[in-house]
Amino acid sequence: LESCAVDWVICPDDGSAIMAMLNAGIIDMVMARIEDTVMLTRLSKSLRVCGMFDCSPHLWRLLVPRKGRAQPIKPLKIQMLGVPEHVAGSMMTCLLQDWDLFGWLDDPPEIMVMRSLVEGLREMNTRGSVQALLWEYSDSESSTVQNVCSEVMEPFLAPWKSHAFVCTRETVFSKSNAIR
C-alpha cells in the first residue's frame, strides 16, 4: 500500500469553482454532499465518483410556525414551502410529493429557496411569505428552531448516503493506490 499525505482544503460553495479546481489539478479530490456530487459528475465528463462516505444521518424536518401546530397533518395545505438552496431541498420536496403524505401529489406547494435557516425562520414567522419549511438542521440549531416552530411529522432520513468523493479520471488512474 502506497503511503499518502492528506491536506484538507475548504472549497468554495460553488460547484463551477470546485470543478475548475479539480480539472486544473489544484485539488486531487473533493468530498461533497451526495446530491452535489451528482451535479458535479453530470456537468463534467472528466469527473468520477471514487468513493462513498456516510457520516451523521441527514434528518429532514417539516416545520410550521408554533401557532400552526393545530393544523391537521393531512392534507397540509400550504401555498409556499421554504427549502434550502442546495439541491437536496428540492429533491426531498419531490420525495414528499411522491409519497403524497400531505396531499401534495395533486396540489403541490410552490417552492421558495432560502439561503439559510435563519432566513427561512424569518420568512415563515415574521413575514409569513412561507407557511412551512422543509429543512435539515444541526443539533446546534435545534434549540432555536424548537422555540419558534413545530414539527408536523417525525424527522425522516434522506434515502441516500451523505457524502461522496469525486476526482478526475486522471487522478483515478495515476493515484489509484492512494485513493483506495
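Quick caveat, the model's predicted, so the values are computed rather than measured.

Basis of the calculations
Residues numbered from 1 in each chain as written. Predicted model: local features only at pLDDT ≥ 70, side-chain atom pairs only at ≥ 80, totals over all residues. Heavy atoms only, no water. Helix = DSSP H or I, 4+ residues; strand = E, 2+ residues; numbered from the N terminus. Buried < 20%, exposed > 50% of the residue type's maximum accessible area, 1.4 Å probe, protein only. Contact = heavy atoms within 4.5 Å. Areas by Shrake-Rupley, 256 points an atom, 1.4 Å probe, with all protein chains shown as cover. Pairing = 2+ DSSP bridges. Axes fitted to C-alpha atoms, helices over the stretch in contact; angles between N-to-C directions. Patch = residues over 30% accessible without salt bridge, like charges linked within 9 Å, V, L, I, M, F, W, Y side chains within 5 Å. Salt bridge = Lys/Arg side-chain N within 4 Å of Asp/Glu carboxyl O. Expected span 1.5 Å × (residues − 1). Arc of directions from axis to C-beta. Core = buried A, V, L, I, M, F, W, Y, C linked by side-chain atoms within 4.5 Å.

**Looking at the overall build of the protein**
So, point 1. Looking only at helices and strands, the protein features seven helices and nine strands.
So, point 2. Burial analysis of the protein (180 residues in total) assigns 37% to the buried set.
So, point 3. Considering only contacts in the protein between residues 6 or more positions apart, those separated by 24 or more positions represent 79%.
So, point 4. When the accessible surface of the protein is split by element, carbon and sulfur atoms take 54% of a total near 10800 Å².

**Remarks on the sheet that holds strand β2 (residues 47-53)**
For sheets, the rule is that strands pair by backbone hydrogen bonds, running either parallel or antiparallel.
So, point 1. Ordered in space as β1-β9-β2, the three strands form an open sheet in which the pairing is antiparallel. Both outer strands of the open sheet, β1 (29-33) and β2, are each paired with one neighbouring strand and no more. Neighbouring strand axes in the sheet, compared pairwise and without regard to direction, differ in orientation by 30 degrees on average.
So, point 2. In the packing of helix α1 (residues 15-24) onto the sheet, the strands contacted are β1, β2 and β9 (163-168), and the crossing angle to β9 comes to about 45 degrees.

**Section: a nonpolar patch on the surface**
So, point 1. Side chains of Val6, Trp8, Met31 and Phe53 sit close together on the surface and give an oily, nonpolar patch of about 460 Å² of accessible area.
So, point 2. Tracing the backbone through its elements, the reader meets Met31 in strand β1.
So, point 3. On the accessibility criterion, Met31 (35% relative accessible area) is partly exposed.

**Looking at the pairing of strand β3 (residues 59-65)**
So, point 1. In terms of burial, β3 is a largely internal element, six of the seven residues being buried.
So, point 2. Of the pairings in the sheet, the one linking β3 to strand β8 (residues 156-157) comprises two bridges and is antiparallel in character. Residue pairing across strands places Trp60 opposite Phe156, the latter belonging to β8.
So, point 3. Direction of pairing for β3 relative to strand β7 (residues 149-151): antiparallel, over a ladder of three bridges. Bridged to Pro65 within β7 is Cys149.

**Focus on the pattern of salt bridges**
So, point 1. Across all of its chains, the model carries four salt bridges by this definition.
So, point 2. With a closest N to O distance of 3.1 Å, Glu151 and Arg61 form a salt bridge. Here Glu151, found in strand β7, pairs with Arg61, found in strand β3; they are 90 residues apart in sequence, far enough to count as distant.
So, point 3. When its relative accessible area of 29% is taken as the criterion, Glu151 is described as partly exposed.

**Details of helix α3 (residues 87-99)**
One turn of an α-helix holds 3.6 residues; hence residues three or four places apart share an orientation.
So, point 1. Counted at 1.5 Å a residue, the expected span for α3 with its 13 residues is 18 Å, and the 19 Å between its end C-alpha atoms agrees.
So, point 2. Three or more residues of α3 are buried, namely Ala88, Gly89, Met92, Thr93, Leu95 and Leu96. Take α3 and look down its axis: the buried residues cluster within an arc of 160 degrees, on one side only.
So, point 3. At the C-terminal side of α3, Asp100 shows a positive phi close to 50 degrees.

**Notes on the nonpolar core**
So, point 1. With 19 residues, the main nonpolar core has Leu62, Leu81, Phe102, Trp104 and Leu134 as its most contacted residues.
So, point 2. Those elements that place two or more of their residues in this core are β3, β4 (80-84), α3 and β6 (132-135).
So, point 3. The element best represented in this core is α3, accounting for four residues.
So, point 4. Grouped together as the second largest cluster of nonpolar side chains are 12 residues, Leu63, Leu121, Tyr137 and Cys149 included.

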